[in-house]
Amino acid sequence: MGEESTPAAAAAAPAVEVPSYFVCPISLEIMRDPVTLSTGITYDRESIERWVFTDGHGECPVTKQRLAPADREPTPNHTLRRLIQGWCAVHAAERFPTPRPPVDAARVAAIVDAARPLLRRRQREELMASLRELADIVAESDRNRRCVQAAPGAVEFLLSVVKERASVVGVDDATSGKPEETTCGVGVHDPAKASSPEEAALSILHSLKLSEESFKRVLEGSGGEDFLESMACVLRRPSYLSRMQGIHLLKSALPAMAPARLTSASAALVDGVVGVVADRPSAKAVKVALHVLCRLCPWGRNRVKAVDAGAVSALVRLLLDEGCGGCNGGGGDRRACELAVVAIDHICGCAEGRLALVAHPAGLAAVACAATRLPAAAGAESAVRALHAVARHSATPAVLQEMLAVGVVARLLFLVQVGASGERTRARAREMLKMHARVWKDSPCLASHLNASYPR
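Below or above, wherever it landed, is the structure these notes cover. (Residues numbered from 1 in each chain as written. Predicted model: local features only at pLDDT ≥ 70, side-chain atom pairs only at ≥ 80, totals over all residues. Heavy atoms only, no water.)

Points about the overall build of the protein
In plain terms, the rule: Under the scheme used here, helices are H or I runs from DSSP no shorter than 4 residues and strands are E runs no shorter than 2 residues, and both carry numbers assigned from the N terminus. Residue burial is assigned from relative accessible area. The probe radius is 1.4 Å, only protein chains are included, and a residue is buried under 20% of its type maximum, exposed over 50%, and partly exposed in between. The contact criterion used is simple: two residues touch if any of their non-hydrogen atoms lie within 4.5 Å. Accessible surface is estimated by sampling points in the Shrake-Rupley manner with a 1.4 Å probe; for residues, cover comes only from the protein chains shown.
In terms of helices and strands, the protein carries 25 helices and 3 strands. Burial status across the protein gives 47% buried among its 456 residues. For the protein, restricting intrachain contacts to residue pairs at least 6 apart in sequence, the fraction spanning at least 24 positions comes to 68%. Summed over its atoms, the accessible surface of the protein is roughly 21800 Å², and 54% of this surface lies on carbon and sulfur atoms.

Structural data, given as structure tokens:
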């Protein structure tokens, strides 16, 4: 027989041992793009950037030495990369192409500078081409994402596209008579596939995962007001995908905003946030919108704006649908229910909010059920605090009778007896029961064993 190679012979050949210094200490695979930290340890770029920037570790994985912010950017190890490529060629192993030169701030700035006049002249196709180029850069690696985020003027330009185009798109939609295509909660978060400059810029901003420091930089001066106006326009659009990205961006920006800016939030912005809760484009978007609503409500007249936007109805319906209102046996998304109850607690801090809760046919019953069904003490405390506000400030005879009829009083007695939700919640429930004992105690609406346990 000849020397011809066969599959069996190939399988019988001994495996080639990979030199240990070619292997990334994190992935334990041959490094495609070796880079070295200031500690002297070499890793594959994708692995170490995920470790440091995505996962948020602040030390070298091997030496455990803390990395200063200036030392977290690795240095390419060209010598080792050439050795790996040569070794792969000799041993007929998978060959790794030479990595493309990393994007730098100068290239990002050049793209942004070329795109700015296109925005002013409303040259839509040319502007879309520039945005797609930025989107490709951001999608390539975490390093590129950080580069775009740090490039002077890049984030500001993307926000200006959203602001400029938001009103233009609204006018175009209204005059064309053709509604924007909605995704009904299902969409591709790919800026390159966006249908308008505003959508592309919004998707890029969402992909950048801007830090609080970045938001503080771009929201200085009138930037904060412009941003909130832009988000108000985005949240009123029919596209579920744009609204989901907008509400995530708004949640990330709020910690960077001064209280004065939150106090001046427009009714349109609050209405847009409540609209996400009511329409529920996705479970995650609803929880993000509830976070935003809870953050906005304590400031200024935002509670009243939320009531005017229909927040109480949307929140009670959420409690009912998720099981905290007694309809689904207590199942559903408990975290969403907790956030909804916290929002109701904030809203009951104003007379309009309490009136709206009392006026809702299932409002008091839903909040009372949440007080005894939510596992977290914070959720139960918020529910009881909302009921306490109603009992203290809006306790008309009709309201007191309704609280008796729909089981609010029985659930307060349960909280007093069990005390599982914390001493403060228990004390507040007891205070309510004593406050209206003349109406509630010995009522035929209460079972005899509950009357017997009524606090003296």
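A few points about the sheet that holds strand β1 (residues 34-36)
Filter applied, for reference: Two strands form a pair only when DSSP identifies at least two bridges running between them. Under this scheme, a helix contributes an axis fitted over its contacting stretch, all axes are lines through C-alpha atoms, and angles between N-to-C directions fall in the 0 to 180 degree range.
Taken together, the 3 strands give an open sheet; going across it, the order is β2-β1-β3, and neighbouring strands pair in antiparallel fashion. Each end of this open sheet is capped by a strand with a single partner; those strands are β2 (42-44) and β3 (75-76). Along the sheet, helix α2 (residues 45-54) makes contact with β1, β2 and β3, crossing β2 at roughly 95 degrees.

Describing helix α4 (residues 105-120)
What counts here: Given a helix with a known number of residues, its expected span is that number minus one, times 1.5 Å.
Spanning 16 residues, α4 covers 23 Å between terminal C-alpha atoms, matching the ideal 22 Å at 1.5 Å per step. All of the buried residues in α4 are Val 108, Ile 111, Val 112, Ala 115, Pro 117, Leu 118 and Leu 119. One or two residues past the end of α4 sits Arg 122, with phi positive at roughly 55 degrees.

Examining the packing of α4 against helix α5 (residues 124-140)
What counts, and what does not: In this scheme, roughly parallel covers angles under 35 degrees and roughly antiparallel covers those over 145, while 65 to 115 is roughly perpendicular and the rest are oblique. Here a crossing is taken to be left-handed if its near helix is turned anticlockwise relative to the far helix by less than a right angle, and right-handed if that turn runs clockwise. Charged means Asp, Glu, Lys or Arg here, nonpolar means Ala, Val, Leu, Ile, Met, Phe, Trp, Tyr, Cys or Pro, and polar covers whatever is left, Gly included.
It is the contact of α4 with α5, at a shortest axis distance of 9 Å, that shows an interaxial angle of 155 degrees. If you check the angle between α4 and α5, you find them roughly antiparallel. For α4 against α5, the interelement crossing comes out left-handed. Every residue of α5 that contacts α4 at Arg 107, Val 108, Ile 111, Val 112, Ala 115, Leu 118 and Leu 119 is listed here: Glu 126, Leu 127, Ser 130, Glu 133, Leu 134 and Ile 137. Of the residues contributing to the contact of α4 with α5, the split by class is 9 nonpolar, 1 polar and 3 charged.

Remarks on the side chain of Asn 302
Counted only if it meets this: Counting of polar contacts relies on pairs of N or O atoms within 3.5 Å, with two restrictions inside protein: one atom must be capable of donating a hydrogen and the other of accepting it, and residues adjacent in sequence are counted only when both atoms are side-chain atoms.
Within the secondary structure layout, Asn 302 lies in helix α15 (residues 302-308). Judged by relative accessible area, Asn 302 falls into the buried class, the value being 1%. Of the polar contacts made by the side chain of Asn 302, one reaches the backbone oxygen of Leu 262; its length is 3.0 Å.

A short note on unusual backbone geometry
Apart from glycine, the bulk of residues carry a negative phi angle, and the bulk of peptide bonds sit in the trans form. A positive phi angle is found at Leu 28, which is not glycine, with a value near 60 degrees. Among the structural elements, Leu 28 can be located in the loop between α1 (7-12) and β1. When its relative accessible area of 65% is taken as the criterion, Leu 28 is described as exposed. With a phi angle near 50 degrees, Lys 209 is a residue other than glycine that sits in the positive phi range. Position of Lys 209 among the secondary structure elements: in the loop between α8 (197-208) and α9 (212-218). The exposed category is assigned to Lys 209, whose relative accessible area is 61%.

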